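# Observations on the model geometry
Given next are the chains, with one letter for each unit.
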Amino acid sequence: MAPVGYLWRRASYCLGAVLVVLMESVSAGASDALLERALAAHESGSQALHSFRASVACYRMPLREVGLAFYHKDKSLIEVCRFDWVRDGDCERIKYKNYETTSDERGRPSGICDIFQDNQVRKVLDNWDWANPQNIDPVNQGSARGTIESPNPSRFGRIDPGMLTLQIPRFQINEPRATLAEYVSRFKTKSAEIIAGTPGNIRIRLAGGDSLNILGVDNVIEIDLSEPHGYQITRMAKIIPQNHFETRVFPLEFSHEVISFRDCGQGVYFPEQIVQKMIAPDQNESVTLGEIKVTLGSVNQAIDEREFDFRFPQDLQVVEDLYGEGKHKLLLWGDNNQPRAHITNGQQLLEYLTPAQRSDIPPASNGRWWMIALNLIVAIGVIAVLTRSRWQRRK
């Protein structure tokens, strides 16, 4: 028969283990409840903002110096791009201008983008300045590009003011535009806690990899919500536990943090200034990579429908990808903002050239067909990229 002391120690150990499990279960349950409450409060605050007009200016360390950011802490930030952003319910218009890349290697316009989308379609016009338009014809397209596609959030594929102002939780351009609840649902491990010293402010912590396999399995995401600001996102950080930097390996954090909000009334708050930082906690190093400044116009007021009057220029070749794989179309745009023709072969383009445009084509047929083939190759390349990206998403 076992000694009484031994039995007592075993019983105490088992009881302690049971208590630990119960405490962890209670703690997990409390965290889940807090997370659910935080997501609901954030959604309610976000829905209070249904229309606005804003200008978003982006300042950043020069691109060539970002890789050596810790060695250029004192470098002043420069304005690299600006967004004019208008939204009214499901309708959204984003106009983008890049000040670092204003022309391509051939001197043609670059770094300009105009996007319109609603719940039915997304239209994109790249590298077209209506104030100083390029000379294009059905054959010669310059650097201008046009696409019509499904408004699928997973296919946005570009930087946007929503992610920069933390209105849309998104760290990388290959992440979908989603609500906070949709973003959180991607992760295997998720928890929430009250931030110490800030009653009502909540930190959501996400780990274990995401279902889209976009972020690293070891990456940790932290999202802070501010109770005084309608539970809007005040900080979003990506923490990489083992980052390789030159010969060193150490944790690294990339964070976007709201410095100030504008109180728009009726429970609506909009970020006015956001700072982007890179932090190496173990090295006691921090550097500001960028800053976002928002100039907010009207909020929750009627938006003039002319703000959403999106147009493609005449003679632009527009790739339409509305219906799914294998059903892309190449459209030649007309002067009434409607397709002029569905292009299926290069010879069709010649039919839409004016006599003056025909005279600009070199007389040798080889040169003529080379120009047509070149532009069709570009269009086919765009289609191939769309198809490949869709295949990768399915994979």
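This text gives an overview of the structure that appears in the document. (Residues numbered from 1 in each chain as written. Predicted model: local features only at pLDDT ≥ 70, side-chain atom pairs only at ≥ 80, totals over all residues. Heavy atoms only, no water.)

## Description of the pairing of strand E2 (residues 78-88)
Two strands pair when backbone bridges link them, and strand E1 (residues 51-60) and E2 are joined in this way by 10 bridges, in the antiparallel orientation. Counterpart to Phe 52 in the pairing with E2 is Arg 87. The pairing of E2 with strand E3 (residues 91-98) spans 8 bridges and is classified as antiparallel. Bridge assignment links Arg 82 to a residue of E3, and that residue is Lys 97. Linkage of E2 to E3, two consecutive antiparallel strands, is achieved through a turn of 2 residues, within which Gly 89 is found at a positive phi near 65 degrees. (Pairing = 2+ DSSP bridges. Helix = DSSP H or I, 4+ residues; strand = E, 2+ residues; numbered from the N terminus.)

## Focus on the packing of aromatic side chains
In this structure the tally under the stated criterion is 9 aromatic pairs. Between Phe 52 and Trp 85, the aromatic rings sit 4.8 Å apart at their centres with planes inclined by 85 degrees, giving edge-to-face as the arrangement. Of this pair, Phe 52 sits in strand E1 while Trp 85 sits in strand E2, and the two are 33 residues apart along the sequence. Residue Phe 52 is classed as buried on the basis of its relative accessible area, which comes to 1%. (Phe/Tyr/Trp six-rings, centres within 6.5 Å; stacked < 30°, edge-to-face > 60°. Buried < 20%, exposed > 50% of the residue type's maximum accessible area, 1.4 Å probe, protein only.)

## Quick notes on the nonpolar core
Counting 48 residues, the largest nonpolar core has Tyr 183, Ile 204, Ile 221 and Ile 223 as its most contacted members. Tyr 183 has contacts with Pro 169, Arg 170, Phe 171, Glu 175, Ala 178, Leu 206, Leu 215, Ile 221, Ile 223 and Met 236, leaving out every residue within four places of it along the chain. (Core = buried A, V, L, I, M, F, W, Y, C linked by side-chain atoms within 4.5 Å. Contact = heavy atoms within 4.5 Å.)

## Comments concerning the pairing of strand E9 (residues 220-226)
Burial analysis of E9 places 7 of its 7 residues in the buried class, the great majority of the element. Here E9 shows two buried faces, one formed by Val 220, Glu 222, Asp 224 and Ser 226 and the other by Ile 221, Ile 223 and Leu 225. One ladder, built from 5 bridges, connects strand E8 (residues 202-210) with E9; its direction is antiparallel. The residue bridging Leu 206 from the neighbouring strand is Ile 221, located in E9.

## Description of the environment of Lys 123
Here Lys 123 lies in strand E5 (residues 122-126). Taking the C-alpha atoms as reference points, Lys 123 and Val 319, separated by 196 residues in sequence, lie 10.0 Å from one another. Excluding its chain neighbours within four sequence positions, the residues that come into contact with Lys 123 are Asp 114, Ile 115, Phe 116, Thr 147, Ile 148, Phe 310 and Phe 312.

## Examining the side chain of Gln 357
By the secondary structure assignment, Gln 357 is in helix H5 (residues 355-359). Classification of Gln 357 as buried rests on a relative accessible area of 16%. Within the local environment of Gln 357, its side chain forms a polar contact with the backbone nitrogen of Thr 354, the two atoms lying 2.9 Å apart. (Polar contact = N/O pair within 3.5 Å; in protein donor to acceptor, adjacent residues only side chain to side chain.)

## Details of unusual backbone geometry
Phi angles above zero are rare outside glycine, and Asn 127 is one such case at about 60 degrees. Tracing the chain through its elements places Asn 127 in the loop between E5 and strand E6 (145-149). A positive phi is found at Tyr 231, a non-glycine position, where the angle reads about 60 degrees. Inspection of the secondary structure assignment puts Tyr 231 in the loop between E9 and strand E10 (232-245).

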